Amino acid sequence: MPQTRRLLEPDFADDLARARKGDDDAFARLVTPLRGALHAHCYRMLGSVHDADDALQDALVRAWLGLSGYQGRGSLRSWLFTVATRTCLDLVAARGRRALPIDLGPAAEAPAAGVQPRTDVAWLEPYPDVVYERRETVELAFVAALQHLPGNQRAALLLFEVLGFAAAEIAAMMETTAGSVNSAIARARRTLAEKVPPQHQQPTLRRIGDERVRETVTAFATALEDGDAPALVALLTDDVTWSMPPLPAWYRGLPTVRDFAESMPLSTCGSWRNLAASANAQPAIASYLRRTPDGLHEAWALNVLTLRGDRIAEITSFIDPKIFARFGLPPSL
């Protein structure tokens, strides 16, 4: 189904008229083709699936209540993204930005036992894969970098470069001038150039191919389950990083990451089982931990992998069993 429909099409005009009279089924037919793209936009703005859920629900309520304000002079897509963007900007102002451990301080120089989760930090969250979006626009590094932008720069950049709105349209959406929009986009690009790797994951994944990606994921999972440090190290780049939100400590470089792996996940945590997954358009591994010999393997962490060539350059382990349901993963094995 196309994301936009011309205003002269009878089904659109009929649904719009019905929706304005209070027909919520007609309103659902109007917004359903755009719901996925709107949710992904809210996630990029907010860095959180939970916040994106809240923002989209709030935006659709605002759109439903304000439908009389849509006069049909522009596309419904533009109007709905205006409502969603303004809703997200309100949340950005109220809740601040999402972070990863790398944003909080330097890498740990040695494995740190007994590190406690930081509950005072709003952590970035992983995103289930999308089939209708440009996949590089939900990659972890891109979404994490967006969190370093002020709300207006974040919105202007996404509306222009991801969603394809013109500067004049964005100015109307954000109630500012085209000059201000262009200035915000330029500043946002400079910041992202410093934060986002020059190579997206998608070209890397296409170049090495699905079979090699699966082999790498399987090898990582097997090494974790077998407690095989040499096999794990063989998969990693020399400058690999490993972070584990909500734990603030993170590790950089093969020697330190190897020491961490040997002292904790490969030895003292318990028994691991893993399922291949995907998050933020990147390969991922859902890890289940069994702490006692007669217990179940319970959901523990979703490990999102960033590849450079056919090796793993970043491991981001989101330690939060609650996110497993969002990815269609079982709570235990």
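Cut-offs applied
- Residues numbered from 1 in each chain as written.
- Predicted model: local features only at pLDDT ≥ 70, side-chain atom pairs only at ≥ 80, totals over all residues.
- Heavy atoms only, no water.
- Pairing = 2+ DSSP bridges.
- Helix = DSSP H or I, 4+ residues; strand = E, 2+ residues; numbered from the N terminus.
- Axes fitted to C-alpha atoms, helices over the stretch in contact; angles between N-to-C directions.
- Salt bridge = Lys/Arg side-chain N within 4 Å of Asp/Glu carboxyl O.
- Buried < 20%, exposed > 50% of the residue type's maximum accessible area, 1.4 Å probe, protein only.
- 1 Å grid on protein atoms, 1.4 Å probe; cavity = no way out; pocket = protein on both sides within 12 Å on 5 of 7 lines; lining within 4 Å.
- Points joined across faces, edges and corners; volume = space filled by probe spheres on them.
- Nonpolar A, V, L, I, M, F, W, Y, C, P; charged D, E, K, R; others polar.
- Lys, Arg positive; Asp, Glu negative; His and termini not counted.
- Polar contact = N/O pair within 3.5 Å; in protein donor to acceptor, adjacent residues only side chain to side chain.
- Contact = heavy atoms within 4.5 Å.

## A short note on the sheet that holds strand E6 (residues 311-318)
The strand order E2-E1-E6-E5-E4-E3 describes an open sheet built from six strands, whose pairing is mixed. Since the sheet does not close on itself, it has two edges, and those belong to strand E2 (247-252) and strand E3 (271-279), each with one partner. Pairs of neighbouring strands in the sheet enclose a mean axial angle of 20°, with direction left out of account. Pairing between E3 and strand E4 (residues 282-290): nine bridges, direction antiparallel.

## Quick notes on the pattern of salt bridges
Under the defined criterion, the tally for this structure stands at 18 salt bridges. Residues Asp15 and Arg29 are paired through a salt bridge, measuring 3.0 Å at the closest nitrogen-oxygen approach. With Asp15 in helix H1 (residues 10-20) and Arg29 in helix H2 (residues 24-46), the pair connects residues that are 14 residues apart, well separated along the chain. On the accessibility criterion, Asp15 (6% relative accessible area) is buried. For the salt bridge of Glu175 with Arg86, the shortest nitrogen-to-oxygen distance reads 3.6 Å. Placement of Glu175 in the loop between helix H7 (167-174) and helix H8 (178-195) and of Arg86 in helix H4 (residues 76-95) is noted, with a sequence separation of 89 residues between them. Look at Glu175 and you get exposed, because its relative accessible area is 65%. For Arg86, a relative accessible area of 32% corresponds to the partly exposed category. It is possible to trace a salt-bridge network through shared partners that takes in Asp51, Asp54, Arg95, Arg98 and Glu125.

## Things to note about the layout of surface pockets
Taken as a whole, the largest pocket spans an internal volume of roughly 760 Å³. Ala141, Lys195, Pro197, Thr306 and Glu314 are, among the 33 residues lining the largest pocket, the residues nearest its centre. Among the secondary structure elements, those contributing two or more residues to the lining of the largest pocket are helix H5 (140-146), helix H9 (201-226), strand E1 (236-244), E2, strand E5 (298-308) and E6. Taken together, the residues of the lining of the largest pocket break down into 14 nonpolar, 11 polar and eight charged. Of the pockets and cavities examined, the second largest pocket occupies roughly 480 Å³. Lining the second largest pocket we find 27 residues, and of these Met244, Leu247, Cys269, Trp300 and Ile319 sit closest to its centre. For the lining of the second largest pocket, the secondary structure elements donating two or more residues are H9, E1, E2, E4 and E5. Partitioned by chemical class, the residues of the lining of the second largest pocket number 21 nonpolar, five polar and one charged.

## A closer look at the side chain of Arg154
The residue Arg154 is located in helix H6 (residues 151-162) in this model. Put simply, Arg154 is tucked away with no salt bridge, and the nearest opposite charge, on Asp51, sits 8.6 Å away. Within polar-contact distance, the side chain of Arg154 engages the backbone oxygen of Leu146 at 3.1 Å. If we ignore the near neighbours within four places in the chain, the residues touching Arg154 are Arg44, Met45, Val92, Arg97, Leu146, Gln147 and Leu149.

## Details of the side chain of Ser78
Residue placement: Ser78 occurs in helix H4. If near-sequence neighbours (up to four positions away) are discounted, Ser78 is found in contact with Phe165 and Met173.

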